[in-house]
Amino acid sequence: MSISTYLTAALSGDHRALARVMTMLEMGGEETRDIMRAMYPRAGRAHVIGVTGAPGVGKSTLIDALAAAYRQQEKTVGIVCVDPTSPFTGGALLGDRVRLQGRATESGVFIRSMASRGQTGGVARATRRVVLVLDAAGFDVIFVETLGAGQADGDIRYIAQTVCLVTAPYAGDAVQALKAGILETAHVLVVNKADVPAAEAIVAALRGVLDLDDKKEGAWIVPVLKTSAERNEGIAALRETFMQHGDFLRNSGQWQQWCEQAARHEIITAAQALLWTQFDAKCHDLIAAHVRAVLDGQTDPDTAAERLVHELMRSGV
């Protein structure tokens, strides 16, 4: 089957074609550019919700419950889950595929699990592009579950308009949630597994930190919600909050601002990858000469790097 046939089928919502196109994007083959040319102009309508947080807080269970809530409103739902890759074998247990497999049989739901392949930032290298495919195919809401993320793993902000940070009692991440970085990225804070008494302490701590922030007039006020995904408690309120944040972004003009920032980030990331590929291919011998000079004690790494840049600029590389 030709790439154009796959693309046509994927844009019509065919699940097999969607899966095939996403595999091509993950592999990074020659078809990538053709796929992006076809998909990018049709994207931009879906509400993308990033669900992030430390391992064990119940992100997958929460997404499963949210997907059911959106399906009750007859919304189509895409789910992209990122799982860690072994640094030794390169393999990954796509656990989210196991947890969400019951939802995968629904016609209005599409689930894609992705290995991080060593990528930092909480997402995989092709996550943004996989989301764009689902967006172009007409899915109304797209959830992106990051791998277990720490306070520095904030790349989800370039993929999702709404970022939801999930924490839970006894998960060992309450202090992590209070640190700068990922907390500053979140638009909604959720304390999951909130059917235990310790949940109130985390809710109070999070609200206390938020109260310390300077609130600009007209800014989004970050809510702290309690849920119990296994008991389906608090899910309707969380769904409503996501919808309210989407409306806020559109009405305030911040949706368009986010689109501009995301496009800028994607262009720069792609340009850096291309530059590095050309740099590595054309400058191997030149770099090796500077490495030898450093090892021989003729210069230091900083001076060698400065000389290398000057040489590259003169050569037009």
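For the structure itself, look to the data block above.
This is a predicted model, so every value here is computed, not measured.

## Topic: the overall build of the chain
For step 1, the next point in the chain: Assigned secondary structure in the chain consists of 13 helices and seven strands.
For step 2, the next point in the chain: Of the accessible surface of the chain, which amounts to about 16,800 Å², a share of 52% is contributed by carbon and sulfur atoms.

## Some remarks on unusual backbone geometry
For step 1, the next point in the chain: Notably, glutamate 74 is not glycine yet its phi reads approximately 65°, a positive angle.
For step 2, the next point in the chain: Within the secondary structure, glutamate 74 is located in the loop between α4 (59-72) and β2 (77-83).
For step 3, the next point in the chain: At asparagine 232, a residue that is not glycine, the phi angle is positive and equals roughly 60°.
For step 4, the next point in the chain: Mapped onto the elements of the fold, asparagine 232 is located in the loop between β7 (224-226) and α10 (235-252).
For step 5, the next point in the chain: What makes asparagine 232 exposed here is its relative accessible area of 51%.

## Here we look at the pairing of strand β4 (residues 141-145)
For step 1, the next point in the chain: Most of β4 sits inside the fold, with five of its five residues counted as buried.
For step 2, the next point in the chain: On β4, burial covers both faces: Val141, Phe143 and Glu145 on one face and Ile142 and Val144 on the other are all buried.
For step 3, the next point in the chain: Where strand β1 (residues 47-52) and β4 come together, five bridges link them in parallel fashion. From the neighbouring strand, valine 48 faces β4, where its bridge partner is isoleucine 142.

## Remarks on α4
For step 1, the next point in the chain: For α4, with 14 residues, the first-to-last C-alpha span of 20 Å sits near the 20 Å given by 1.5 Å per residue.
For step 2, the next point in the chain: For α4, the set of buried residues is Lys59, Ser60, Leu62, Ile63, Ala65, Leu66, Ala67, Ala69 and Tyr70.
For step 3, the next point in the chain: In the stretch just after α4, glutamate 74 is the one whose phi turns positive, near 65°.

## A few points about the pattern of salt bridges
For step 1, the next point in the chain: Across all of its chains, the model carries six salt bridges by this definition.
For step 2, the next point in the chain: Its salt-bridge partner being aspartate 195, residue arginine 231 comes within 3.4 Å of it at the nearest N-O pair. With arginine 231 in the loop between β7 and α10 and aspartate 195 in the loop between β6 (188-191) and α9 (199-211), this pair connects stretches of sequence that are 36 residues apart.
For step 3, the next point in the chain: Given the relative accessible area of 52%, arginine 231 is considered exposed.
For step 4, the next point in the chain: Taken together, the salt bridges that share partners define one network made up of Arg128, Arg129 and Glu266.

## Digging into the sheet that holds strand β5 (residues 162-167)
For step 1, the next point in the chain: A sheet is described by the order of its strands in space; here seven strands give the open sequence β3-β2-β4-β1-β5-β6-β7, paired in parallel fashion. Edge positions in the sheet fall to β3 (109-115) and β7, since each of these pairs with one other strand and no more. On average, each strand axis in the sheet is inclined to that of its neighbour by 20°, with strand direction left out of account.
For step 2, the next point in the chain: Contacts between helix α6 (residues 127-136) and the sheet are confined to β1, β2, β3 and β4, with β2 contributing the most and set at about 170° to the helix.

## Here we look at the packing of aromatic side chains
For step 1, the next point in the chain: Under the criterion given, the structure shown has two aromatic pairs.
For step 2, the next point in the chain: When the ring of tyrosine 70 is compared with that of phenylalanine 143, the centres are 5.8 Å apart and the planes differ by 65°; the resulting orientation is edge-to-face. Of this pair, tyrosine 70 sits in helix α4 while phenylalanine 143 sits in strand β4, and the two are 73 residues apart along the sequence. Across the pair, phenylalanine 143 and tyrosine 70 agree in class, each one buried.
For step 3, the next point in the chain: Geometrically, the ring pair formed by tryptophan 220 and phenylalanine 248 is tilted, given 5.6 Å between the ring centres and 50° between the ring planes. With tryptophan 220 in the loop between α9 and β7 and phenylalanine 248 in helix α10, this pair connects stretches of sequence that are 28 residues apart.

## Thoughts on the pairing of β2
For step 1, the next point in the chain: In terms of residue burial, β2 counts as a mostly covered element, since seven of its seven residues are buried.
For step 2, the next point in the chain: The alternating pattern of β2 places Val77, Ile79, Cys81 and Asp83 and Gly78, Val80 and Val82 on opposite faces, both of which are buried.
For step 3, the next point in the chain: With seven bridges joining them, β2 and β3 adopt parallel strand pairing. Pairing of isoleucine 79 across the sheet is with isoleucine 111, part of β3.
For step 4, the next point in the chain: When β2 meets β4, the two strands line up parallel, connected through five bridges. What sits directly across from isoleucine 79, in β4, is phenylalanine 143.

Cut-offs used in this document
- By convention here, each chain's residues receive numbers from 1 onward along its written sequence.
- Restriction of local features to residues with pLDDT of at least 70 applies here, the model being predicted, together with a cutoff of 80 or more for giving and counting side-chain atom pairs; totals for whole chains, interfaces and linings are based on all residues.
- To obtain the side-chain values, all non-hydrogen atoms of the structure were used and water was disregarded.
- Per the convention used, a helix needs a DSSP run of H or I reaching at least four residues, while a strand needs a run of E reaching at least two, with both numbered from the N terminus.
- Surface accessibility follows the Shrake-Rupley procedure with a 1.4 Å probe radius. Residue values consider only the protein chains on display as shielding.
- Each residue is placed in one exposure class: buried if its accessible area under a 1.4 Å probe, protein chains only, is under 20% of its type's maximum, exposed if it is over 50%, and partly exposed if it falls in between.
- Pairs of strands are assigned from DSSP output, requiring at least two bridges between the strands.
- To estimate the expected span of a helix, count its residues, drop one, and scale the result by 1.5 Å.
- Here a salt bridge means any side-chain nitrogen of Lys or Arg lying within 4 Å of a carboxyl oxygen belonging to Asp or Glu.
- For helices, the fitted axis covers only the stretch in contact; all axes are lines through C-alpha atoms, and the angles between them, taken along N-to-C directions, range from 0 to 180 degrees.
- Residue contacts are defined here by distance: any two heavy atoms, one from each residue, within 4.5 Å place the two residues in contact.
- Any Phe, Tyr or Trp ring, taking Trp's six-membered ring, that has another such ring centre within 6.5 Å forms a pair; planes under 30 degrees apart are called stacked, those over 60 apart edge-to-face, and the others tilted.

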